[in-house]
Amino acid sequence: MVPPLALDIDGTLTTPDHRIDPRVFELLPEWDAPIAFATGKAFPYPVALAHFLGREETVIAENGGVAYADGETTVVGDPDAAWAVVEAFRERGGEIGWGDGDTVNRWRETEVALSTDADEALLREVAAAVDDVEVVDTGYAYHVKSTGVSKGRALRVVADALGLAADEFVAIGDSENDVSTFEVAGESYAVANADAAAREAADEVVEDGFMDGTVSVLERLRERAE
Ligand SMILES: O=C(O)COP(=O)(O)O
Ligand SMILES: [Mg+2]
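Residues numbered from 1 in each chain as written. Chains lettered and ligands numbered in written order. Predicted model: local features only at pLDDT ≥ 70, side-chain atom pairs only at ≥ 80, totals over all residues.

## Some words on the pairing of strand 5 (residues 72-75)
- In this structure, strand 4 (residues 66-69) lies alongside strand 5, joined through four bridges in antiparallel fashion. Its bridge partner lying in strand 5, V66 is registered against V75.
- In this structure, the hairpin formed by strand 4 and strand 5 is closed by a connection of two residues, where D70 is found at a positive phi of approximately 50°. (Pairing = 2+ DSSP bridges. Helix = DSSP H or I, 4+ residues; strand = E, 2+ residues; numbered from the N terminus.)

As structure tokens, this is what we get:
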């Protein structure tokens with residue numbers, strides 16, 4: 001039997017130019033064990049991915065702020081504290097950086113995400129003055145979120161809902177927001193493009209980056225299961 005997977009999305013299932021790698025649509029519909037999509041993106045994104053892969057909607061969104069498994073939604077974190085930081089950041093001239101519309105935050109329930117073009121030093125300075133809030137850099141956005149909320153914590157909730165233990169999952173990821181998943185999963189892999197925090201936390205850093213790296217792990221897991 002292949003193991004359950006906890007898969008990061010950006011940097012792990014994507015191409016370097018942020019597109020979903022087409023191999024996702026070949027490999028994941030057939031994976032014969034649960035897959036939890038664990039992302040910093042807002043709730044609708046991983047739900048849509050699971051839906052269009054024809055898979056159960058088992059997702060961790062907003063870096064663990066929102067988890068959904070077996071029809072049950074769990075929401076944790078303090079969006080007001082995150083928005084207070086972002087308002088203070090704006091008062092000092094900072095900009096969220098997504099332009100008009102801001103679909104990045106429109107459906108976000110527990111935290112705020114800012115563009116990597118935003119003034120990181122100012123954001124960190126403002127956030128440091130507020131208790132229980134931290135800034136996480138995924139390489140794709142700066143997330144202002146409650147401390148203690150994490151993908152790893154959400155993976156425990158999701159695993160429990162599925163009647164599994166979190167350490168039955170194999171995790172693959174690429175950044176700081178995957179460290180907690182790596183700690184909770186039984187086995188963890190960072191793809192070659194991963195940041196220092198993810199590389200340090202993973203059991204193994206694979207040779208290839210992005211989906212090439214993920215495919216190499218999936219192939220290995222499949223061979224092991226045969
Ligand atoms: O939303 C982000 O900033 C990154 O998303 P990811 O966790 O899927 O890599
Ligand atoms: Mg990522």
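## Some words on the sheet that holds strand 3 (residues 59-61)
- In space, the eight strands of this open sheet follow the order 5-4-3-2-1-9-10-11, with mixed pairing throughout. At either margin of the open sheet sits one strand with a lone partner, and together these are strand 5 and strand 11 (204-205).
- Direction of pairing for strand 1 (residues 5-7) relative to strand 2 (residues 35-38): parallel, over a ladder of three bridges. Across the sheet, the residue bridging to A6 is A36, located in strand 2.

## What about the site of ligand 1?
- The environment of ligand 1 is formed by D8, I9, D10, G11, T39, G40, K41, T138, Y140, A141, S175 and N177.
- A domain-level breakdown of the shell around ligand 1 finds at least three residues from each of domain 1 (5-75 + 149-225) and domain 2 (79-146). (Near = placed C-beta within 6 Å. Domains from an automatic or database assignment.)

## What to know about the pairing of strand 7 (residues 133-137)
- Looking at chain direction, strand 7 and strand 8 (residues 142-146) are connected through five bridges and run antiparallel. Residue pairing in the sheet places E134 in a bridge with K145 of strand 8.
- Hairpin connection from strand 7 to strand 8: four residues lie between these consecutive antiparallel strands, with G139 at a positive phi of about 90°.

## Remarks on the UniProt feature "binding site: Mg(2+)" (unreviewed entry) in the protein chain
- Feature annotation in UniProt assigns "binding site: Mg(2+)" (unreviewed entry) to the following positions: D8, D10, D174 and D178. In three dimensions, the annotated residues from a span of 171 residues occupy one location, with a maximal C-alpha spread of 10.9 Å.
- With 29 C-beta atoms packed within 10 Å, D8 lands in the buried category.
- Residues contacting D8, with those up to four places away along its chain left out, are A38, T39, I172, G173, D174 and D178.
- Here D178 is to be found in the loop between strand 9 (170-173) and helix 7 (179-184).
- What makes D178 buried here is the crowd of 36 C-beta atoms within 10 Å. (UniProt positions renumbered as here; feature names shortened; annotations may be inferred. Buried ≥ 20, exposed ≤ 12 C-beta atoms within 10 Å, placed from the backbone. Contact = placed C-beta atoms within 7 Å.)

## Quick notes on the packing of helix 3 (residues 79-91) against helix 5 (residues 120-128)
- Axis separation between helix 3 and helix 5 bottoms out at 9 Å; the angle between their running directions is 130°. When the interaxial angle is binned, helix 3 and helix 5 end up oblique. The handedness of the crossing between helix 3 and helix 5 comes out as right-handed. Two secondary-structure elements touch here, helix 3 through V85, A88 and F89 and helix 5 through L122, L123, V126 and A127.
- Among the residues making up the contact of helix 3 with helix 5, the classes are represented as seven nonpolar, no polar and no charged. (Axes fitted to C-alpha atoms, helices over the stretch in contact; angles between N-to-C directions. Parallel < 35°, antiparallel > 145°, perpendicular 65-115°, else oblique. Left-handed = near helix turned anticlockwise from the far one by under 90°. Nonpolar A, V, L, I, M, F, W, Y, C, P; charged D, E, K, R; others polar.)

## A short note on the environment of A61
- Structurally, the position occupied by A61 is in strand 3.
- Sequence separation of A61 and A196 is 135 residues, and the distance between their C-alpha atoms is 22 Å.
- Contact partners of A61, with chain neighbours within four places excluded, come to T39, K41, A42, F43, Y45, P46 and V66.

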